[in-house]
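# Observations on the model geometry
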Amino acid sequence: MIAPEQITYLDNNATTAIDPEVLEAMRPFQEKYYANPSSGYRFAAHVRDAIEQAREQVAALLGCEPGEIVFTSGGTESNNTAIHSALETQPECKHIITTAVEHSAVRNPAQRLQERGYDVTFLAVDRSGRLSARALVDAIRPDTALISIMWANNETGVIFPMQEIAAIAQERGVPLHTDAIQAAGKIPINLREVPMQFLSISGHKLHAPKGVGALYVNRRARFRPFVLGGSHENNRRAGTENAPSIVALGKAAEIALAKVREESTRVRSFRDRFEKSLLEQLSDVQINGADASRLPNTSSVIFGGIESEAALLMLDQENVCCSAGSACRTGSLKPSHVLTAMGLVNNEARASLRFSFGRFNTEADLERALDVVPRVVRKLRALSPVIA
Ligand SMILES: Cc1ncc(COP(=O)(O)O)c(C=O)c1O
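Residues numbered from 1 in each chain as written. Predicted model: local features only at pLDDT ≥ 70, side-chain atom pairs only at ≥ 80, totals over all residues. Heavy atoms only, no water.

In this section: the pattern of salt bridges. Opposite charge on two side chains allows them to pair when their charged atoms are near. Going through the model one piece at a time under the given rule, you end up with 25 salt bridges. What you see here is one network of salt bridges that share partners, running through R271, D272, E275 and R294. (Salt bridge = Lys/Arg side-chain N within 4 Å of Asp/Glu carboxyl O.)

Counting 96 residues, the largest nonpolar core has L62, W151, F160, L199 and F303 as the members making the most contacts within it. No other element matches helix 8 (residues 243-281), which puts ten residues into this core. The residue makeup of this core includes at least three contributed by each of domain 1 (4-16 + 261-383) and domain 2 (20-256). In this structure L199 touches L62, W151, H177, T178, A180, I189, L191, A214, L215 and Y216, once residues within four positions along its chain are discounted. By size, the runner-up hydrophobic cluster in this structure holds 19 residues, among which are A82, C93, F198 and V217. (Core = buried A, V, L, I, M, F, W, Y, C linked by side-chain atoms within 4.5 Å. Buried < 20%, exposed > 50% of the residue type's maximum accessible area, 1.4 Å probe, protein only. Helix = DSSP H or I, 4+ residues; strand = E, 2+ residues; numbered from the N terminus. Domains from an automatic or database assignment. Contact = heavy atoms within 4.5 Å.)

On to the sheet that holds strand 12 (residues 352-356), then. A sheet is described by the order of its strands in space; here three strands give the open sequence 9-10-12, paired in antiparallel fashion. Single-partner strands in this sheet number two, and they are strand 9 (285-287) and strand 12. Here the average twist between neighbouring strands, direction ignored, is 25 degrees. Examined bridge by bridge, strand 10 (residues 298-303) and strand 12 share five bridges and lie antiparallel to one another. Across the sheet, S300 pairs through a bridge with R354, a residue of strand 12. (Pairing = 2+ DSSP bridges. Axes fitted to C-alpha atoms, helices over the stretch in contact; angles between N-to-C directions.)

Glancing now at the site of the ligand. In the neighbourhood of the ligand, 14 residues make up the surrounding shell, with T76, D179, Q182, S202 and K205 lying closest. Within the side chain of Q182, one N or O atom sits 2.7 Å away from an oxygen atom of the ligand. One of the side-chain nitrogen or oxygen atoms of K205 is found 2.5 Å away from an oxygen atom of the ligand. Isolated, the ligand exposes 390 Å² of accessible area, and the fraction of that covered by the protein chains is 87%. Tallied by class, the residues present in the shell around the ligand amount to three nonpolar, nine polar and two charged. (Near = heavy atom within 4 Å. Polar contact = N/O pair within 3.5 Å; in protein donor to acceptor, adjacent residues only side chain to side chain. Areas by Shrake-Rupley, 256 points an atom, 1.4 Å probe, with all protein chains shown as cover. Nonpolar A, V, L, I, M, F, W, Y, C, P; charged D, E, K, R; others polar.)

Attention now goes to the side chain of N361. Structurally, the position occupied by N361 is in the loop between strand 12 and helix 12 (363-383). A polar side-chain atom of N361 sits 3.0 Å from a polar atom in the side chain of D365. Not counting residues up to four positions away in its chain, the partners in contact with N361 are Y9, L10, N12, R266, F270 and S356.

This is how it looks when you write it as structure tokens:
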């Protein structure tokens, strides 16, 4: 077993370490305050109060009302819930608009809808991963039930112009959902300035545990729950609340709000120095999405002539964690749909690695990455019949 201290962890878009303050905040609800928050006694009221505090903390991060936050089991459920709700409340509408670069937690539900007879428009992106607002306007139809467009891409970090997208959706009267799972905590989000119906976040991308998330539901939006059962979450999501994880998500949101500006500057400096040094040290290196607005922490790099799967194995031997395309594709040789949608050819997509920095990265991590990554790339290129 590898000791976590030996790891150079550059995969913060896959998941993040739990912040010690978050662990501290959730611990009492794991250890002592185990009451079912729906029970009538005071012992349960304490848990209920903690959940409501978490709701306020998450609402503050997003710039909305606490009553507009529904806790879920994570980003995937939040995304599915938004899509489900938009379709259930508008049964006459059989069309949705999304993009060709969504995470599978939107892409797969959208594909499933196609199989069930819905029309789905997958908006294309350009070589830098950018969307065309014009294409969005043109795609809207009278029977469009939902626009679901991610705020920031998990593989490239490319940020979509959510303010412009929200203005288009609002003007045309089409409900808007955004998967903000990668954006939350990395860039400021303010729903008062960017109006929409639904927004998804996930705990484990912002230093809270896995298996908890939230869906913002605009108080004026029509809503139908996805998970049916008891009357939890004001009848919007059934199931006994995962109180310790919800408390953790609240604390993580509070910290993210307090730190987002300072942290993004720090992380951006790591990312920029990393990219600059790779470009200086190696030939045939390209940064995916370099011309687009990007999350400060994400670096998706094409190292011409290598196979990312082989690179991952060698980096793993060096205790460096990063991913090829997205983590969900590890073990599969299919090139990333995101990079393919950006127009990368097979060889380029399969030569891409994603590095994502985070709160707990240090100068030492950067130095080590800049020692190991170029070495691994050179070694692979020396073995490659094409380049050698
Ligand atoms: C953009 C995006 N959406 C959705 C998800 C899924 O979130 P969760 O793991 O909380 O279900 C992820 C996680 O990788 C993601 O990056």
